[in-house]
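# Overview (structure and organization)
Spelled out, the chains give:
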Amino acid sequence: MSRKLRLMIPGPTPLPPEVSEALARPMVGHRGKGFAELTARLHEKLQRVMQTENEVFILTSSGTGGLEAAVANTVNPGDKVLALVAGKFGERFRDLARAYGAEVLELHFPWGAPVDLDAVAEKLKRHPDLKVILTTQNETSTGVVHDIRGLGALAAEHGAVLAVDAVSGLGGIDLPADAWGVDILVTASQKALMTPPGLAMISLSEKAWAKVAECRAPRYYFSLPAAKKALAKWNTAYTPAVSLFFALEAALDLILAEGLEQVFARHRLLARAIREGVRTLGLELLAPDEAASPALTAVKAPAGVAVDDLRKLLLDKYGVLFAGGQGELKGKIFRMAHMGHVDRLDVITALGALEMALNELGHKVTLGGGVAAAQRALLGGAE
Ligand code: PMP
């Protein structure tokens, strides 16, 4: 029997059968009428899922390409940019702005804590010429969700452009982009959007487009004016990943059929159940309850258990793949993703496997303890 793999990493995530089927469709010409119609439909569906009325561009690249497009099209060399860093992906956005010659100011927060809005307000006050704020919505390296609504209000007051990396949260965690004042929204296909890796999505507000008009940074593949020109004809500037477009539509249809509110509630419920389970096993969670990600849970390694040994046993024996820690959290945490095509029994499976593996590694926990706590949370959890 081929082994069953239970992917619980923050991307790529498991694909619904409808999405896998869409991937197998025969190839079509990307300059034809049918593909233009698909692009138009995708555009409307993406606007709904991204909760924006701004144009949405689909780029054939991973999420980092979307972040690069955000910076390359809005940041001039020497522009003052504020990077909010509370984990690996905050660092990545900062590094991108540095690569494009921005004068990057940084605010650091502990890995595992949310962005402190007072610190951001204070920094903005001291730098009236600050033009762009870079932040992460769901910091995948820590399982913390930042207060985008609060940041949107601060950015609006300051007149700065707020760019949000929502690569690992969009489609699983509520982010009313227009209502909260997000100027640049970036996401990617392979996480809560239940599509294979290879597409990035980006939308820009009018305020952000004004920065594009002034931008002199060099860019070619990621030129948003080029993407805009093509989109006017429901096209893309370069050859798109045609199969991924098919797959993305299947995934968006599933999300819209379930209903955005229900999708977000499902993620919150699963996160609560997994947190209850982990806590009941006597393990420590990295993120505080009030900033905990609905899509990903980071757990501190119990004393005496090597994260790599735990992950290896879980994968080799049980087919469960958790992520390890990144950067300064390497070896200190493991991360259980529950984003996209996930349901209640995925949580039970993950906790059940974790309990067995911990016992096998000599860290005794009550078998079924975490599972039972999660079951109780799931049964009581109609939101
Ligand atoms: N930002 C966040 C928050 C992410 O989780 C990831 C992927 N883990 C990225 C950016 C980078 O995306 P990609 O690997 O698709 O380039």
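The coordinates are above.
Here is a short report on the structure shown in this document. (Residues numbered from 1 in each chain as written. Predicted model: local features only at pLDDT ≥ 70, side-chain atom pairs only at ≥ 80, totals over all residues. Heavy atoms only, no water.)

## Describing the site of the ligand
Where we set the bar: Whether a residue is near a molecule or strand is decided by its heavy atoms; if any one of them lies within 4 Å of it, the residue is near. In the analysis that follows, any N or O atom pair within 3.5 Å is treated as a polar contact, provided that within protein one partner can donate a hydrogen and the other can accept it, and provided that, for residues neighboring in sequence, both atoms belong to side chains. Only the protein chains shown count as cover for residues, and all accessible areas are computed by the Shrake-Rupley method using a 1.4 Å probe. Strands are runs of DSSP state E lasting at least 2 residues, helices are runs of H or I lasting at least 4, and numbering of each runs from the N terminus.
For the ligand, the set of nearby residues contains 14 residues, the closest of which are Ser-62, Thr-64, Thr-140, Asp-165 and Lys-191. Ser-62 places a side-chain nitrogen or oxygen 2.5 Å from an oxygen atom of the ligand. Lys-191 has a polar side-chain atom sitting 2.7 Å from a nitrogen atom of the ligand. Notes on the ligand: free accessible area 400 Å², of which the protein chains cover 87%. Only α3 (63-74) and α4 (88-99) provide two or more residues apiece to the shell around the ligand. Counting residues per element, the shell around the ligand draws most heavily on α3, which supplies three residues.

## Side note on the packing of helix α11 (residues 307-318) against helix α12 (residues 344-360)
To keep it simple, the criterion reads: Orientation is described by lines fitted to C-alpha atoms, with helices fitted over the stretch in contact, and by angles between N-to-C directions that extend from 0 to 180 degrees. Left-handed describes a crossing whose near helix is turned anticlockwise from the far helix through less than a right angle; right-handed describes the clockwise counterpart. Two residues form a contact once any of their heavy atoms are found within 4.5 Å. Ten residue types, Ala, Val, Leu, Ile, Met, Phe, Trp, Tyr, Cys and Pro, are classed as nonpolar, four, Asp, Glu, Lys and Arg, as charged, and the remainder, Gly among them, as polar.
Running from N to C, α11 and α12 cross one another at 115 degrees; their axes reach a closest spacing of 10 Å. Judged by the sense of rotation from one axis to the other, the crossing of α11 with α12 is right-handed. On α12, the residues touching Leu-310, Leu-313, Leu-314, Lys-317 and Tyr-318 of α11 are Ala-353, Leu-354, Met-356, Ala-357, Leu-358 and Glu-360. Among the residues making up the contact of α11 with α12, the classes are represented as nine nonpolar, no polar and two charged.

## Things to note about the sheet that holds strand β12 (residues 320-324)
Which entries qualify depends on this criterion: Here the rule is simple: two strands pair whenever DSSP picks up at least two bridges between them.
Judged by pairing direction, the sheet is mixed, and its four strands sit side by side in the order β1-β12-β13-β11 without closing on themselves. The open sheet is flanked by β1 (6-8) and β11 (296-300), the only strands paired with a single partner. On average, each strand axis in the sheet is inclined to that of its neighbour by 30 degrees, with strand direction left out of account. The sheet contacts of α11 involve β1, β12 and β13 (333-337), and relative to β12 the element is tilted by about 160 degrees.

## So, empty space enclosed by the protein
What counts is decided by this rule: In this analysis a 1.4 Å probe is tested at points of a 1 Å grid over the protein atoms alone, and where it fits but cannot get out there is a cavity; an open set with protein on both sides within 12 Å along at least five of seven lines is a pocket; lining residues have an atom within 4 Å of a point. Grid points are joined across faces, edges and corners, and a volume is the space filled by probe spheres set on the points.
Counted according to the given criterion, the structure contains one cavity of 30 Å³ or more. Lining the largest cavity are 23 residues; nearest its centre among them are Ile-58, Leu-59, Ala-227, Thr-236 and Ala-237. Of all the elements in the fold, those that place two or more residues in the lining of the largest cavity are α2 (33-49), β2 (56-60) and α8 (224-231). The residue inventory of the lining of the largest cavity, partitioned by class, reads 16 nonpolar, seven polar and no charged.

## Section: the layout of surface pockets
Left-over empty space is what a probe sized like a water molecule reveals as it rolls over the atoms. The line we're drawing: As used throughout, domain bounds are those supplied by an automatic or database domain assignment.
Reported here for the largest pocket is a volume of approximately 490 Å³. Around the largest pocket, the lining is made up of 27 residues, and of these Asp-289, Glu-290, Ala-291, Ala-292 and Pro-294 lie nearest the centre. Every element with two or more residues in the lining of the largest pocket is listed here: α6 (148-158) and α10 (260-280). The element best represented in the lining of the largest pocket is α10, accounting for seven residues. Shared between two domains, the lining of the largest pocket holds at least three residues of each, these being domain 1 (6-12 + 259-380) and domain 2 (18-257).

## Notes on the pattern of salt bridges
A side chain with one charge can pair with a side chain of the opposite charge if their charged atoms come near. Formally: Salt-bridge detection follows one rule: a side-chain nitrogen of Lys or Arg within 4 Å of a carboxyl oxygen of Asp or Glu. Each residue gets one of three labels from its accessible area relative to the maximum for its type: buried under 20%, exposed over 50%, partly exposed in between, using a 1.4 Å probe on protein chains only.
A full pass over the atoms with the stated rule returns 22 salt bridges. A salt bridge links Arg-41 to Glu-249, with the nearest nitrogen and oxygen atoms 2.7 Å apart. Note that Arg-41 is positioned in helix α2 and Glu-249 in helix α9 (residues 242-258), a separation of 208 residues in sequence. Here Glu-249 falls in the buried class, since its relative accessible area comes to 8%. Of the charged contacts, one joins Asp-95 and Arg-98 as a salt bridge, the two residues approaching to 3.8 Å between their closest N and O atoms. Taken as a pair, Asp-95 and Arg-98 lie in helix α4 at a separation of three residues, close to a single helical turn. Ionic contacts of the salt-bridge type, sharing partners, join the residues Arg-41, Lys-45, Glu-249 and Asp-253 into one network.

## A few points about the nonpolar core
Rules: Each nonpolar core is a collection of buried residues, namely Ala, Val, Leu, Ile, Met, Phe, Trp, Tyr and Cys, held together in the definition by side-chain atoms within 4.5 Å.
Within the largest apolar cluster, 52 residues are counted, with the highest numbers of intra-cluster contacts made by Leu-84, Val-120, Leu-175 and Met-201. Sort the elements by how many residues they give to this core and α9 lands first, with 10 residues. Here this core gathers at least three residues from each of two domains, domain 1 (6-12 + 259-380) and domain 2 (18-257). Once you skip the residues sitting within four places of it in the chain, Val-120 turns out to touch Leu-82, Leu-84, Leu-107, Phe-109, Val-115, Leu-151 and Leu-154. Formed by 37 residues, the second largest nonpolar core is a distinct cluster that contains Val-75, Ala-97, Leu-134 and Val-167.

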